[in-house]
Protein chains: 2
Amino acid sequence: MAPRSAGKNAESSDKVGVICRALRRAIIEQALEPGAKLPEDSLGERFGVSRTIARHALGQLAAEGLVELRRNRIAVVATPSWQEARDAFDIRIELERLVVRQLAGKLTKAQIATLNAHVDAEDGARDGTDAVSIRLATEFHILLAQMTNSPILVRYVSEVAYRCCLTLSLYSRPHSSECAINEHRAIIAALVKGDEAKVMSLMHSHLDSVANRALVAPAPQRGRDLLDILAPYADEGESERVVKMPKVVRAR
Amino acid sequence: MAPRSAGKNAESSDKVGVICRALRRAIIEQALEPGAKLPEDSLGERFGVSRTIARHALGQLAAEGLVELRRNRIAVVATPSWQEARDAFDIRIELERLVVRQLAGKLTKAQIATLNAHVDAEDGARDGTDAVSIRLATEFHILLAQMTNSPILVRYVSEVAYRCCLTLSLYSRPHSSECAINEHRAIIAALVKGDEAKVMSLMHSHLDSVANRALVAPAPQRGRDLLDILAPYADEGESERVVKMPKVVRAR
DNA sequence: AGCGCCTGAATTGCATGCAGTTTGGCGGCC
DNA sequence: GGCCGCCAAACTGCATGCAATTCAGGCGCT
């Protein structure tokens, strides 16, 4: 909540940053599904800025892998392939092992309190929407990364975590996140105890289980990613030759 | 060399991409030292585009951590702190272990040939400038990452490798890179042999040795990063109250 | 001489305008 | 009826212009 004076990257306090954060959040809360169109005009209008700024924001998000930018085409929310999702989780596991390795036994009391408070919040939001639960769970991991005081690590963990979030909305069954909360508690406990090996294996299995629960199977027989792209829209417009986008930018 | 149809990110074939690649290369070859100013006009003029495009390119590079963007201030080539450099190498080690783990024993003949050719090129460039050697060594690692066919991994390894390059120009002694070449050859051999554990430990020690050779010491008594920032300019303009930038954007 | 203010040049922040490309739908043709 | 080509609308790619901010140097004051 605090302004977080640590430099972060190129989007603090300016309008581009506002748009980026808003879109990121909308994406990970699945208000914007993969494949949703993001026209520069609509974005600019929605946020009260010109296309130039909206465009710049899209560029940043594309660099993070959250949106896809094709030349002369409307930007869309990224639709990672199943393989990319798998890769993202692999990378995430390694990065987060690094995080907890650096953190084991080195947490301050205040940090421990912060983490516990966050997990309590996760617990409290259990009866809310799935989207909020997912966001909070993701933010727990980012919170951990931030405690390493390594901006680079924060950036990479954040990015890859967001990316994983994105894939959850594509390939995941509606899952209960209770176990995740317990696993978060276990990780905090191990971190406090300072057992480096333990906490690394906990984190590993935690992420691995999330990945396995989420990335159920390569889908029926997905030889083409076209199927993946159409998957979210399979429940309506089945008689049309070409599937129209059910929701565009959601506002206006 | 092929157009590489794989989407990559938001900067293929457009002018922004050209500028990004040029600047990246200039930075890792140390033609642009950390702290060098990058005014939008000069960039635009140099590349024959408008400020808008130059600005966008700077945004992308900032997202990669190669340039620093401060509001209302001229963009500069990033000057990572010693700690950030250390962190970058830590992350890089983990990521590249992941790379070689996926690659061990799975290289095609063509890939092996490509790798060997690259190392030969490194060898051939040994009597060239240091900058070229460093670039080639870095590109070897990126080449490896590309062979995983994981775009995400490619992106992260590239970024972090570039970042490490950047730090080399700040904290490294002029080192001979011959040993690095031999280590590269050893890694290829182990990859071909398919010994996963061996290749991972080789990669680990390879990067670790580079890091240790490079990041010699925390510098005299760097309580302030101001010292780090001024370090590259310590050899001239010593009588001035405020140090002027020795070289601006190098062209015009 | 040293210090601070003040002013102009340099530079960024951002919106707008125009040109080129894609899109989607309509009408004609087979 | 189905298919192909054309056309207008939508959208992006990019440059330019204007306002706001920073920066550098000079001037006056102490």
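What you see is a predicted model; the values in this text were computed from it and never measured.

A. The arrangement of the side chain of Glu96(A) in detail. Residue and element names in this part refer to chain A. Counting through the fold element by element, Glu96 comes out in helix 4 (residues 82-103). Under the relative-accessibility criterion, Glu96 is labelled buried at 1%. Those residues in contact with Glu96, other than ones at most four positions away along the chain, are His141, Val157, Met203 and Leu207.

B. Quick look at the protein's contact with DNA strand D. Around DNA strand D, 18 residues are found, and the nearest of them are Arg51(A), Arg55(A), Ser50(B), Ile53(B) and Arg73(B). Each atom of DNA strand D within 4 Å of the protein was assigned to sugar, phosphate or base; sugar and phosphate come to 70%. A distance of 2.6 Å separates a phosphate oxygen of DNA strand D from a polar atom in the side chain of Ser50(B). Within the contact set of DNA strand D, a sugar or linking oxygen lies 3.4 Å away from a side-chain nitrogen or oxygen of Asn72(B). Among the elements of the structure, helix 2 (40-47) and helix 3 (51-64) of chain A together with helix 3 (51-64) of chain B are those that each provide at least two residues to the surface near DNA strand D. Among the residues making up the surface near DNA strand D, the classes are represented as 4 nonpolar, 4 polar and 10 charged.

C. Local environment of unusual backbone geometry. Residue Asn149(A) is not a glycine yet carries a positive backbone phi of 60°. Turning to its location among the elements, Asn149(A) is positioned in the loop between helix 6 (130-146) and helix 7 (151-171).

D. Representation of the relation of the copies chain B and chain A. Mapping chain B onto chain A calls for a screw motion: a turn of 180° about the axis and a shift of 0.0 Å along it, with 0.0 Å RMSD after fitting. Both copies are brought into coincidence by an operation consistent with a two-fold rotation axis.

About the thresholds
- Residues numbered from 1 in each chain as written.
- Chains lettered and ligands numbered in written order.
- Predicted model: local features only at pLDDT ≥ 70, side-chain atom pairs only at ≥ 80, totals over all residues.
- Heavy atoms only, no water.
- Helix = DSSP H or I, 4+ residues; strand = E, 2+ residues; numbered from the N terminus.
- Buried < 20%, exposed > 50% of the residue type's maximum accessible area, 1.4 Å probe, protein only.
- Contact = heavy atoms within 4.5 Å.
- Near = heavy atom within 4 Å.
- Polar contact = N/O pair within 3.5 Å; in protein donor to acceptor, adjacent residues only side chain to side chain.
- Nonpolar A, V, L, I, M, F, W, Y, C, P; charged D, E, K, R; others polar.
- Least-squares fit on C-alpha atoms with pLDDT ≥ 70 in both.

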